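# Remarks on the overall topology
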Amino acid sequence: MKEESLLLRPGTPDDDNRDYLPERIKGSDIVVNENGNNSQPYPARLKEFAEALTSDGMVDVWYEYVPTSYDPAKKTPLVVSMHGGLMTGWGQAIYTSWTIMAEKHGFIVAFPNASSKRIWSVEWGRWRLDDEKKENEEAPGELPETPADINDNHDAQMALALIEKMKGKYNIDEERLFMQGMSMGDLMTSMFARNYGNILAGAAGSGCATFLSLLFDKDGKIKNKAGHLDIWQSRPELNNIPPDENDSLHVNKYNRYYWMRLNGCDPVPEISIIGEDNFAFYKGKKADLVYLDIKNRDHGQTLDDAALIWNYMFSGVRRKADGTIVHTDSNIPRKGDKFAIAVAKDDANAWLRNNVVPMRTKAVYWQKLKYHGLNGGQEVRGEYLCVPLSFLCEAFGAKYEPGEDTLTVVVTLKDGRVLQFARGSIGCVIDESLRSMYCEALHRNGELLVSIEWFCRYLFGLEVSCCDEVVYVTDHFSVLSANMADLIKDLLGSGGKLPDYENIPEIVR
Amino acid sequence: MTFKVNLRAGTPDDDNRTYLPEAIKGNDIVVNENGNNSQPYPERLKECHGVIADGLEDTWYEYVPASYDPARKVPLVIGNHGGLMTGWGHAIYTSWTLVADREGFIVVFPDAHSLRMWAVKGVFDNFDPATAPDLPIQTVPDNMKDNHDMNYLLGLIEKIKEKYSIDEGRIFMQGMSMGNLMTSQFARYYGNILAGAAGSGGPTRPDMLFDEDGKIKNEAGHLAVWQSRPEKNGTPPGKQYSEFVVNKYNRFYWMKLNECDPIPQISIIGEDNFAFYHGKKADLVYLDIKNRDHGQTLDEAFLYWDYLFSGTRREPDGTIVHTDTLIPRTGDKFAIALTDGCNKAWLNNNIKEMSSSAILLQKLKYHGLDGGQKVRGEYLCVPLSFLCEAFDAKYEPSADTLSAVVTLKDGRKLQFARGSIGCVIDDDLRSMYCEALHRDDELLVSAEWFCQYLFNLQVSVCNGVAYITDHFAELSTFMADLIKDLLNDRAFPVDFKNIEA
């Protein structure tokens, strides 16, 4: 049966493990689970190779996964997957689902080892360009020296040579070469993409945005040698790189801007939040970008990251010989949530069905207090975003009838329910009965405002998720994450125009 | 457009920090504190004075709806204010007057005779004035016949019956905080003249309900009862029992008197956590309100009426008759509840045995923490076989039981494997919250993830209990405690001799 082609194998859990990459896993069915790093049993078809791939004579090690269905007569896509620092090719194979996806979708994966100390020879730089720091960030531990010239960088040249090796060994579809990496492997993939991305159809990375000093020069111009490319950026919410949360949001944003500019993306994405996966799908004139923020995941890559990358993006991407990126239907369409609302504290714009729309007055962040019996003190019992009823009526296609003094409002929902609200009352009359909302209705600028959380949950059974003073509402399980909340704040802040984005000059070739 | 229920706009006084700002009386000022939210002073609320009992003058407030017609008997509700409050305060902090407008019944809000404190037995027995120096101490006579507030309430009901056309089978009493204690005291002594009693935020101390031998102390018998217990209510000064014990034994008291089935129907709608108990003699509703502080929610009067009082009457022979209420007292049609370490689950208002106990799995972050670890999530993992039963799915474990294929009713095919965070869904892979466990030859997965991701259900977790249903629902602390008791064979005690402190 078709369904049986994708099969998860049971592993033997080692729950006491605290090592980053326990060596005893190699070749065994031991599995380890840490938040953001969850392994699968060692794939039986994963083969180790060692050979001098480059002209410098250094012997490199890599792992190949060739699916059972491989047919030399058919052109087959290739994914090169780069491990994190202190990891290995085989480690990257078990901590991802690339081999599972390869088996299902019939592509080949190569997992190379970094040539020295399990550390990729990547460039180091500064996280931000707008702070006082002049020196590059200090690398954790001793790193191999990274040559200034990419032509002298063994790891970069090895990756190029490995692709050539695979092309020689198998019937690889040259239009469908992909690279992906995690952590330092993300940095490595980024470096490769900026220098040699023109040979790839797509690049993906998880858990480590690139130092901004490597992406932009001091004038804010983009530094790049290889042009546009389909890009997937996975950013676990608890990634902690760089460790300061504001720095992290800033660096993630400008990494996104970098590829948005290169790919000619529309600044307004389609947004879809499914479970803990927060997707922003950007459509570009030259290539597309997917930004994935994963709720409550630590530094690493989720086991399903490869499945998401393939099914949402790489399954429908190829680069033609003339360099153009062509998109066909991917296994899952890159569509935003059909019904979704997002609002942010103090912002008069809202996100509604993948568009930025104005509200009549800004959202008010309201704290519900307990103060009785606290000797003058108070405790916050709840925080809610109160938005104009006129906007909620627009979002839900409801009839909005404010009283003449605007202090009361009657709302008729599409299903016929009639609601009443009044200034200062926590009550909402629903068809001649009364229910308490989370907090009372506020009156601001001639508008009645009510908690969007209560309105959407109680009246419509919708999913409401709150993060960093942003609320996301949709009709399915979804948990808003910090990077996505930041992205939404930016979108709403100036009506769909992104801060600083226009200041990044487009690359003219 | 005309409405039976008209919500009037108020003028908010957000700077208010007093318990009952006197400035509100007679005007449209409204205050909002968590659990105490007022409405503008009702125009039809009339202040009344008179000597009703014991030769003492008392004050009360009457609300007679515009629709009142002396030719037709109407129900009567007595609303008892909290300590340091007043009858008019109780009128604006409840929605009784709004329900009265809709239903045409009469509400009376009496003032406690003195100190704005009701004469309730036992309240100040273990009271240390240092814990609440502003609280006036009310002296309470030993003999209930000498208790003026009790005599006053009895007399007030008689007075209202004489003044208006009252349906004697439909007299209800309700109270908040000390008014809840007063209502409870009245119900234990004179409840036989009422059809139903309700209270919020003021459960009675167990030693007032049971004697040293565990016998019930009661003079008036069964009664339809509603108990509202705000989650953040807290216990009054001088507490002797935990809040859990107090709430539980108050429930047991009326369950025993009303001869209730120990297994309720449970419904959680928004922040309202209902347990509906059906009794041979009368019913009981237990309502735990999520995230509400001591007080009463503005909508409580509507809840009492719509769910209970609208279909409750006491016949002349003393029997309580329940007819259809405006909203039926039925549990959530689809609901699952689970608790850590327990092999029983709540499923659609029944208790079901699972093949293995639920396990609370902690998802850890430990990389780069120098041997330390952080808990990033806690999930209740339950046997897939149970989830398949709950969702009517086909369950096919492998011969070694280390992996399982599940076919959902809509045709989706899933696969799980020991130690893997992955769930195969129709040839695609998704990460669950945590990996599948293997215990007692069963694969266990996070019930939260399974229900949220695969069915878009609402999952709410509180104090080690997960409640899952198909609509907005927030599990609250005392309902979680009730569910734990249900799943651990503690639905009702053998006797009331040893009540834990």
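Residues numbered from 1 in each chain as written. Chains lettered and ligands numbered in written order. Predicted model: local features only at pLDDT ≥ 70, side-chain atom pairs only at ≥ 80, totals over all residues.

Here we take up the overall build of chain A. Scanning chain A from terminus to terminus reveals ten helices and 30 strands. The C-alpha radius of gyration of chain A comes to 25 Å, within 12% of the 23 Å expected for a compact globule of 509 residues. Over its C-alpha atoms, taken along the principal directions, chain A stretches across nearly 85 × 55 × 50 Å. Counting the 509 residues in chain A, one finds 55% classified as buried. For chain A, long-range pairs separated by at least 24 residues make up 60% of all intrachain contacts whose partners lie at least 6 apart in sequence. (Helix = DSSP H or I, 4+ residues; strand = E, 2+ residues; numbered from the N terminus. Rg over C-alpha atoms; globule rule 2.2 N^0.38 Å. Buried ≥ 20, exposed ≤ 12 C-beta atoms within 10 Å, placed from the backbone. Contact = placed C-beta atoms within 7 Å.)

Right, let's get into the interface of chain B and chain A. One widely used convention gives an interface's size as the accessible area the parts lose upon coming together. The partner chain A presents 62 residues to the 62 residues of chain B that form the contact. Residues that form the side of chain B that touches chain A fall into these classes: 21 nonpolar, 23 polar and 18 charged. (Nonpolar A, V, L, I, M, F, W, Y, C, P; charged D, E, K, R; others polar.)

Moving on: the sheet that holds strand β10 (residues 202–206) of chain A. Residues and elements named next belong to chain A. Spatially, β5-β6-β8-β7-β9-β10-β11-β14-β13-β12 is the arrangement adopted by the ten strands of the open sheet, whose pairing is mixed. Bordering the open sheet on either side are β5 (46–52) and β12 (270–274), each of which pairs with just one other strand. For this sheet, the mean inter-axis angle between neighbouring strands, taken without regard to orientation, is 20 degrees. Two elements, strand β13 (residues 277–282) and strand β14 (residues 289–298), share six bridges in a ladder whose sense is antiparallel. When the sheet's bridge partners are listed, Asn278 is paired in β14 with Asp293. Across the face of the sheet, helix α3 (residues 154–169) comes into contact with β6 (59–65), β7 (76–82), β8 (108–112) and β9 (172–182) while running at roughly 145 degrees to β8. (Pairing = 2+ DSSP bridges. Axes fitted to C-alpha atoms, helices over the stretch in contact; angles between N-to-C directions.)

A few words on the pairing of strand β25 (residues 422–425) of chain B. Residue and element names in this part refer to chain B. Two elements, strand β24 (residues 413–417) and β25, share two bridges in a ladder whose sense is antiparallel. The partner of Gln415 across the bridge, within β25, is Val424. In this antiparallel pair of consecutive strands, β24 and β25, the connection spans four residues, and Gly419 shows a positive phi of 80 degrees. Where β25 meets strand β26 (residues 428–431), four bridges bridge the pair, whose relative direction is antiparallel. Bridge pairing links Ile425 to Asp428 in β26.

With that out of the way, let us pick up the sheet that holds strand β21 (residues 379–388) of chain A. Residues and elements named next belong to chain A. Read from one edge of the open sheet, four strands run β20-β21-β28-β27, paired in antiparallel fashion. Unpaired on one side and paired on the other, β20 (364–370) and β27 (442–444) mark the two borders of the sheet. Sheet twist, expressed as the mean angle between neighbouring strand axes with direction ignored, is 40 degrees. For β27 and strand β28 (residues 447–451), the ladder comprises three bridges, and the chain directions are antiparallel. Its bridge partner lying in β28, Arg444 is registered against Glu447.

Each assigned domain of chain B is listed with its residue range as follows: domain 1 (44–322) and domain 2 (335–470). Just the C-alpha atoms count here: the centres of domain 1 of chain B and domain 2 of chain B sit 43 Å apart. (Domains from an automatic or database assignment.)

The next point concerns helix α7 (residues 305–312) of chain A. At 3.6 residues per turn, the α-helix brings residues three or four places apart onto the same side. Counting buried residues along α7 of chain A, eight of its eight residues qualify, which places the element largely inside the surrounding structure. If you check which residues of α7 of chain A are buried, you get Asp305, Ala306, Ala307, Leu308, Ile309, Trp310, Asn311 and Tyr312 of chain A.

Here the focus is the domain arrangement of chain A. Residues and elements named next belong to chain A. Looking at chain A, the domain boundaries give domain 1 (46–131 + 151–327) and domain 2 (340–475). Put simply, the middle of domain 1 and the middle of domain 2, counted by C-alpha atoms, are 42 Å apart. A per-class count over the side of domain 1 that touches domain 2 returns three nonpolar, no polar and one charged.

Residues and elements named next belong to chain A. Across the interface, α3 lies against helix α4 (residues 184–196) with an axial gap of 11 Å and an inter-helix angle of 70 degrees. On the basis of their axis angle, the class for α3 and α4 is roughly perpendicular. Between α3 and α4, the contacting residues are Asp155, Ala156, Ala159 and Leu160 on the first element and Met188, Met191, Phe192, Asn195 and Tyr196 on the second. (Parallel < 35°, antiparallel > 145°, perpendicular 65-115°, else oblique.)

Before going further, it helps to spend a moment on the environment of Ser81 of chain A. Residue and element names in this part refer to chain A. Relative to the helices and strands, Ser81 is located in strand β7. Residue Ser81 is classed as buried on the basis of its 27 C-beta neighbours within 10 Å. For the pair Ser81 and Gly185, spaced 104 residues apart in sequence, the C-alpha separation works out to 7.8 Å. Apart from the residues within four sequence positions on either side, Ser81 is in contact with Gln92, Thr96, Trp98, Val109, Phe111, Gln180 and Gly181.

As a further point, take unusual backbone geometry. Here the bond from Ile241 of chain A into Pro242 of chain A is cis, since omega is -10 degrees, no more than 30 degrees from zero. One non-glycine residue, Thr406 of chain A, lies in positive phi territory at about 60 degrees. Tracing the backbone through its elements, the reader meets Thr406 of chain A in the loop between β22 (399–402) and β23 (408–412). Given 14 C-beta atoms within 10 Å, Thr406 of chain A falls into the partly exposed group. Within the chain, Asn291 of chain B stands out as a residue other than glycine whose phi angle is a positive 60 degrees. Secondary-structure assignment places Asn291 of chain B in strand β14 (residues 284–293). Asn291 of chain B sits in the partly exposed class, given 18 other C-beta atoms within 10 Å.

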